[in-house]
Amino acid sequence: WVNGPNRQFEAAFRIIQSGEWGDYDGFYLMEGDSVPIKAHWLDVVLSEIEVNRPFAILGAQYDGDKWDNFYEKIPISLLHHTNGNAIYNTSHPLLERLVGQLEVEAPCPYNSIPYDYRMSQMWVEGTLGIVPKLAPKIMLNEEGENITLSNNTDMFNKWAEIWEEEDPFKYTPVIHNYAATNLIPRHLGPEYIIHGAKLYSPWDPTKTEVTLVVSEWFFDRSLHLIEHLDDKDHPFSEVVVMVPPAAAAHDDYDLMTEVPVRTQHRGAPDFMDLCEADIKTDWFMITNSYHHVARHVDLMFTPGTFKPVIPFTPATYAFCFKYPYCKETINLAQRFNPGHDKVVQDMDMLYNTEMRDAFCKEWKEENGEEGELMYKSQQRRLMFRKKIIGPPGPTGTSYYAWLVREGKDGMYKLTDRSLYGARPPFVKIFAKEEKLDGMSEDELAKRIGMTLLDNSTDCNCMEFETETDCEDSGIGCIWRPLFESCHPPELIDGSAPICPTTEAPTSAPTVSMDGIFDETDSPTSSPVEPEPEKDPWYVSVFKSRESEKDRSNSFNEANGGSMQSPDDDEILGSEKASRARRAMLKKSKSFEAVDLQANERLSASPDNLHEEYL
């Protein structure tokens, strides 16, 4: 598709250079999705040209934040490329050579690269010697044979030697390139022209009241969220903390936050909190005590109609189906809406309370009050696996699938996070504790005994919420002022990530075992795990064990049947393969294999497979 824009750019450059349209030394290429947002923008652009002379190209790099989750994997030529919406100096000899090279490359695989990115690749190859890699399929001709490209590094290097000190690619704050990034007004800065932005309205407290539901267990980790709530920019007018029946309720929340907080004791398993939370407002969101509220909860709404803007992930193999948990989430959602193809994460959804009540009513009718019927019909699948990896209760994806079937999905505006990105409203801060809390007593003992508490280093730039913490991180994190967020540093192509991990025990001192089971009120540098307790008396009144049994039936519990199944996960296609697999399993067990690395033993545990979900 880039052939058309590439040829159009070359033609525009040549016709301006020729003087056919007048005696001009340059032009501003302004695409249709570039929008002036301030008065006198053209005068400011002209002044920027005078200030920045000489240059070959004057424009903007990508100024959004949707790349932050994979920032270290992006080629440096893409990070630093000047977007096509820019001012081009047709009289500059370097630009003449760059455009000439684009024309030469028109018949070859490099024409698969957009012209602005390709010119950046030429410059990076000349200055740093990094030759771009093209997709293997693009490197084939019509007969399926590999295409050999000419080596232009020496030529590009000569260009760099001549013009590098001049800094021919310059950037101006007057133009900001957001490239299909969702924004609200607070994200805008000094720019006069924005390119590729999707501008939405922010949350309006006079129109929408929102409750926050926090799933808590026995360890009071939610206190960290509550104690820091007043430091955040959030929409929550009330907090409901869902706790087990035997957990004590706090009466001092008013000392921690100005937001009203109340405790609700569960009458059902924790995975039913979405349906069981007692909500007084029209809207609510849900998280758990392993998270805290992000510095800015940027709820977005459509201008005028004020519909909530909700990110979704396409249900494709790359984004979903290769992860068993996500695949099962879609399978369950399709019970409401066959053909459903959107994954909405539970913590991204802004739930409408009235719609939630209607959805949960039908969900319980179909799956049981506590989900005990969810997998009743899956005996055939359970013949081929010990456990179905999937959600035990209702999800945001099923909620939206139900809305679609009922024709109520028009109350939301969905946006594809794979194209426009999404900012998490909640940040996980107890990651290690969450893993340990999900283990049984035996698994925990094996985990501690075999990995010495996992001396790998957790480092995530996005966890730092202030400029000082970000810049003092010690791992090179960079502060992004417009979004008040922290992102990883750029890396030369092929460099090691900033956070190498130690996968096996080392000679370094290990964390002391003393006090490991103490409770925590705030994030800790090492995992914290409470002493295991026996099942309390009230477990018998729940049906969660029955649900777990249905999801974990062994082969001996099945009633027999054909070895063929429409579900292709984990199914062995022949008797020979079955024997080979049994022999392999007999030879090595996930927690007892002495030749596995520590992280491999951990990832082999079925209880950790849910980590794969998005």
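Quantities reported herein were computed from a predicted structural model and do not represent experimental measurements.

Digging into the overall build of the protein
For step 1, the next point in the chain: A tally of helices and strands in the protein yields 20 helices and 21 strands.
For step 2, the next point in the chain: Taking the contacts inside the protein whose residues are at least 6 apart along the sequence as the reference set, 75% of them involve residues at least 24 apart.
For step 3, the next point in the chain: Working note: accessible area of the protein is about 31,100 Å², and carbon and sulfur atoms make up 51% of it.

Remarks on the sheet that holds strand 16 (residues 342-343)
For step 1, the next point in the chain: Reading across from one edge, 16-15-18 is the order of the three strands in this open sheet, with mixed pairing throughout. The sheet is open, and its two borders are formed by strand 16 and strand 18 (413-416), each paired with just one other strand.
For step 2, the next point in the chain: Where strand 15 (residues 309-314) meets strand 18, four bridges bridge the pair, whose relative direction is parallel. Following the sheet pairing, Phe312 is matched in strand 18 by Asp416.

Looking at the pattern of salt bridges
For step 1, the next point in the chain: Inspection of every chain in the model, using the stated rule, returns 23 salt bridges.
For step 2, the next point in the chain: Glu10 is the salt-bridge partner of Arg7, the closest N and O atoms lying 2.5 Å from each other. Note that Arg7 and Glu10 are positioned in helix 1 (residues 3-18) at a spacing of three residues, about one turn of the helix.
For step 3, the next point in the chain: By relative accessible area, Arg7 is classed as partly exposed at 24%.
For step 4, the next point in the chain: In this structure, the salt-bridge partner of Arg480 is Asp68, at a minimum N-O distance of 2.5 Å. Of the two residues, Arg480 is situated in strand 20 (residues 478-480) and Asp68 in the loop between strand 3 (57-59) and helix 3 (76-79); the sequence distance between them amounts to 412 residues.
For step 5, the next point in the chain: On the basis of relative accessibility, which here comes to 11%, the residue Arg480 falls in the buried class.
For step 6, the next point in the chain: Asp68 gets classed as buried once you look at its relative accessible area, which sits at 5%.

Overview of the state of the cysteines
For step 1, the next point in the chain: Overall, the coordinates contain four disulfides when judged by the stated rule.
For step 2, the next point in the chain: Each sulfur in the disulfide pair Cys275 and Cys360 lies 2.0 Å from the other. Torsion about the S-S bond of the Cys275 and Cys360 cystine: about -85 degrees, corresponding to left-handed handedness. Here Cys275, found in helix 8 (residues 273-276), pairs with Cys360, found in helix 11 (residues 353-367); they are 85 residues apart in sequence, far enough to count as distant.
For step 3, the next point in the chain: Between Cys320 and Cys326 runs a disulfide, and the two sulfur atoms are separated by 2.1 Å. Disulfide Cys320-Cys326: the torsion about the S-S bond is -110 degrees, which places it as left-handed.

Here we look at a negative patch on the surface
For step 1, the next point in the chain: Where like charges cluster on the molecular surface, the negative patch consists of Glu467, Asp469, Glu471 and Asp472.
For step 2, the next point in the chain: When you line up the elements, Glu471 lands in helix 17 (residues 467-471).

Here we look at the packing of aromatic side chains
For step 1, the next point in the chain: Scanning all chains against the criterion turns up 16 aromatic pairs.
For step 2, the next point in the chain: Taken together, a centroid distance of 6.4 Å and an interplanar angle of 80 degrees make the contact between Tyr399 and Tyr412 edge-to-face. Highlighted residues: Tyr399 in helix 13 (residues 396-406) and Tyr412 in the loop between helix 13 and strand 18, separated in sequence by 13 residues. Here the two residues Tyr399 and Tyr412 agree in accessibility, since each one is buried.
For step 3, the next point in the chain: Grouped by ring-pair contacts, the aromatic residues Trp283, Phe284, Phe336, Tyr351, Phe359, Tyr399, Trp402 and Tyr412 constitute a single cluster.
For step 4, the next point in the chain: Between Arg118 and the ring centre of Tyr110, over which it is positioned, the NZ or CZ distance is 3.7 Å.

Notes on unusual backbone geometry
For step 1, the next point in the chain: Following Arg53, the chain continues to Pro54 via a peptide bond in cis, the omega torsion being -5 degrees.
For step 2, the next point in the chain: Note that Pro54 resides in the loop between helix 2 (41-52) and strand 3.
For step 3, the next point in the chain: Notably, His40 is not glycine yet its phi reads approximately 60 degrees, a positive angle.
For step 4, the next point in the chain: Take His40: its relative accessible area is 59%, and that puts it in the exposed class.
For step 5, the next point in the chain: The phi angle at Ala180 is positive, at roughly 60 degrees, despite the residue not being glycine.
For step 6, the next point in the chain: Within the secondary structure, Ala180 sits in strand 6 (residues 175-183).

A closer look at helix 11
For step 1, the next point in the chain: Here helix 11 contains 15 residues, and its C-alpha end-to-end distance of 20 Å stays within 8% of the 21 Å for a straight helix at 1.5 Å per residue.
For step 2, the next point in the chain: All buried positions along helix 11 are accounted for by Thr353, Met355, Arg356, Phe359, Cys360, Glu362, Trp363, Lys364 and Asn367.
For step 3, the next point in the chain: Check the buried side of helix 11 and you find it contacts helix 8, strand 12 (283-288), strand 17 (351-352) and helix 13.
For step 4, the next point in the chain: Phi turns positive, to about 95 degrees, at Gly368, one or two residues after helix 11.

What to know about the pairing of strand 9 (residues 210-215)
For step 1, the next point in the chain: With six of six residues buried, strand 9 is to be regarded as a mostly interior element.
For step 2, the next point in the chain: Neither face of strand 9 is open: one carries Val210, Leu212 and Val214, the other Thr211, Val213 and Ser215, and all of them are buried.
For step 3, the next point in the chain: Looking at chain direction, strand 9 and strand 12 are connected through six bridges and run parallel. The residue bridging Leu212 from the neighbouring strand is Met285, located in strand 12.

What to know about the environment of His265
For step 1, the next point in the chain: With respect to the secondary-structure elements, His265 resides in strand 11 (residues 261-265).
For step 2, the next point in the chain: Apart from the residues lying within four places of it in its own chain, the contact partners of His265 are Val243, Pro244, Pro245, Ala247 and Ala249.

Points about the sheet that holds strand 6
For step 1, the next point in the chain: Pairing in this open sheet of three strands is mixed, and the strands run 2-7-6 from one edge to the other. Edge positions in the sheet fall to strand 2 (34-36) and strand 6, since each of these pairs with one other strand and no more. Neighbour to neighbour, the strand axes of the sheet diverge by 40 degrees on average, direction disregarded.
For step 2, the next point in the chain: As paired elements, strand 2 and strand 7 (residues 193-199) share three bridges and run antiparallel to each other.

Section: the confidence of the model for the protein
For step 1, the next point in the chain: In the predicted model, the protein carries a mean pLDDT of 80, and the fraction of residues at 70 or more is 75%.
For step 2, the next point in the chain: Within the protein, no element has a lower average pLDDT than helix 20 (residues 598-603), which sits at 35, and none a higher one than strand 17, at 98.
For step 3, the next point in the chain: Contacts for the low-pLDDT stretch residues 450-457, under 50 throughout, to residues beyond four places or in other chains number 24 contacts.

So, how was this worked out
- Residues numbered from 1 in each chain as written.
- Predicted model: local features only at pLDDT ≥ 70, side-chain atom pairs only at ≥ 80, totals over all residues.
- Heavy atoms only, no water.
- Helix = DSSP H or I, 4+ residues; strand = E, 2+ residues; numbered from the N terminus.
- Contact = heavy atoms within 4.5 Å.
- Areas by Shrake-Rupley, 256 points an atom, 1.4 Å probe, with all protein chains shown as cover.
- Pairing = 2+ DSSP bridges.
- Salt bridge = Lys/Arg side-chain N within 4 Å of Asp/Glu carboxyl O.
- Buried < 20%, exposed > 50% of the residue type's maximum accessible area, 1.4 Å probe, protein only.
- Disulfide = S-S within 2.5 Å.
- Patch = residues over 30% accessible without salt bridge, like charges linked within 9 Å, V, L, I, M, F, W, Y side chains within 5 Å.
- Lys, Arg positive; Asp, Glu negative; His and termini not counted.
- Charge placed at Lys NZ, Arg CZ, Asp CG, Glu CD.
- Phe/Tyr/Trp six-rings, centres within 6.5 Å; stacked < 30°, edge-to-face > 60°.
- Lys NZ or Arg CZ within 6 Å of the ring centre and 35° of its normal.
- Expected span 1.5 Å × (residues − 1).
- Axes fitted to C-alpha atoms, helices over the stretch in contact; angles between N-to-C directions.
- pLDDT = per-residue confidence, 0-100.

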